[in-house]
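Structural overview for review
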Amino acid sequence: SLFADNSSVYDPYWCVLPLWLLAYWRHEASSDSARALIVMNLVWAWAIRFFIGYPWEGWTTGLSHEDWRYIDLRKKLGKGYWPFSLSSLHLTPTLLVFGALAPAGAIILQGEAPPLNVGDLVACVVTLAFLVLEAVSDATLRRHRASGAKTTCVR
């Protein structure tokens, strides 16, 4: 980001790193449990939804595009922008993503997994419900942006 002078270069990290971590953990795992396969498939479903719902604009526009929020922060923070960018826009997301995925890593790397149970079913249903909620939210936002409306029902 610093060399490209564009903090948006880091944006794909949110979706790409989880898949890299899953691949690494699966490679390191001694075997695949049903629970690990369910977790990996749910994370992949989330990533696919994320890529389709909000593809990084840099894939099509190149590094010339920077998120408007980063541009605004750069103007407000001046010389303090890059230290802020490192701590808040790069390191914090790194820690959040890794922390959120640590339980998935523990499941994938566990040697002998206990049998699937009701807790697994509940976790799977809740995760799938939130994937549907995210997809509906994405579609709603796309329709709103396409309508050209300048206001919403949110005040």
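The structure under discussion appears in the preceding block.
Residues numbered from 1 in each chain as written. Predicted model: local features only at pLDDT ≥ 70, side-chain atom pairs only at ≥ 80, totals over all residues. Heavy atoms only, no water.

Quick look at the overall build of the protein
When helices and strands are counted, the protein shows six helices and zero strands. Moving toward the C terminus, one meets the helices and strands of the protein in the order α-α-α-α-α-α. A globule of 155 residues ought to have a C-alpha radius of gyration of about 15 Å, yet the protein, at 19 Å, is considerably larger. If you line up the protein on its principal axes, its C-alpha atoms span 55 × 40 × 30 Å. Counting across all 155 residues of the protein, residues that qualify as buried make up 29%. Across the protein, contacts joining residues at least 24 apart in sequence account for 82% of those joining residues at least 6 apart. (Helix = DSSP H or I, 4+ residues; strand = E, 2+ residues; numbered from the N terminus. Rg over C-alpha atoms; globule rule 2.2 N^0.38 Å. Buried < 20%, exposed > 50% of the residue type's maximum accessible area, 1.4 Å probe, protein only. Contact = heavy atoms within 4.5 Å.)

Some remarks on the side chain of Glu66
With respect to the secondary-structure elements, Glu66 resides in the loop between helix 3 (58-61) and helix 4 (68-77). There is a polar contact of 2.9 Å between the side chain of Glu66 and the backbone nitrogen of Ser7. Residues contacting Glu66, with those up to four places away along its chain left out, are Asp5, Asn6, Ser7, Ser8, Ile71, Arg74 and Tyr81. (Polar contact = N/O pair within 3.5 Å; in protein donor to acceptor, adjacent residues only side chain to side chain.)

Remarks on helix 1 (residues 13-28)
Here helix 1 contains 16 residues, and its C-alpha end-to-end distance of 22 Å stays within 8% of the 22 Å for a straight helix at 1.5 Å per residue. What helix 1 keeps buried is the set Tyr13, Cys15, Val16, Leu17, Pro18, Leu19, Leu21, Leu22 and Trp25. (Expected span 1.5 Å × (residues − 1).)

Comments concerning the packing of aromatic side chains
One pass over the structure, following the stated rule, counts two aromatic pairs. Geometrically, the ring pair formed by Tyr81 and Trp82 is edge-to-face, given 5.0 Å between the ring centres and 75° between the ring planes. On the basis of relative accessibility, which here comes to 1%, the residue Tyr81 falls in the buried class. You can call Trp82 partly exposed: its relative accessible area is 23%. (Phe/Tyr/Trp six-rings, centres within 6.5 Å; stacked < 30°, edge-to-face > 60°.)

Some thoughts on the nonpolar core
Leu22, Val43, Leu101 and Ile108 are the most contacted members of the largest nonpolar core, which totals 18 residues. Elements with a minimum of two residues in this core: helix 1, helix 2 (34-53) and helix 5 (81-109). Considering every element that reaches this core, the biggest residue donor is helix 1, with seven residues. (Core = buried A, V, L, I, M, F, W, Y, C linked by side-chain atoms within 4.5 Å.)

Concerning the packing of helix 1 against helix 5
One can describe the packing of helix 1 onto helix 5 by two numbers: an axis separation of 10 Å at closest approach and a directional angle of 30°. The orientation of helix 1 relative to helix 5 falls into the category roughly parallel. Remark: the crossing between helix 1 and helix 5 carries right-handed chirality. Residues Tyr13, Trp14, Leu17, Pro18, Leu21, Leu22, Trp25, Arg26 and Glu28 of helix 1 pack against Pro93, Thr94, Leu96, Val97, Phe98, Leu101, Ala102, Ala104, Gly105, Ile108 and Leu109 of helix 5. (Axes fitted to C-alpha atoms, helices over the stretch in contact; angles between N-to-C directions. Parallel < 35°, antiparallel > 145°, perpendicular 65-115°, else oblique. Left-handed = near helix turned anticlockwise from the far one by under 90°.)

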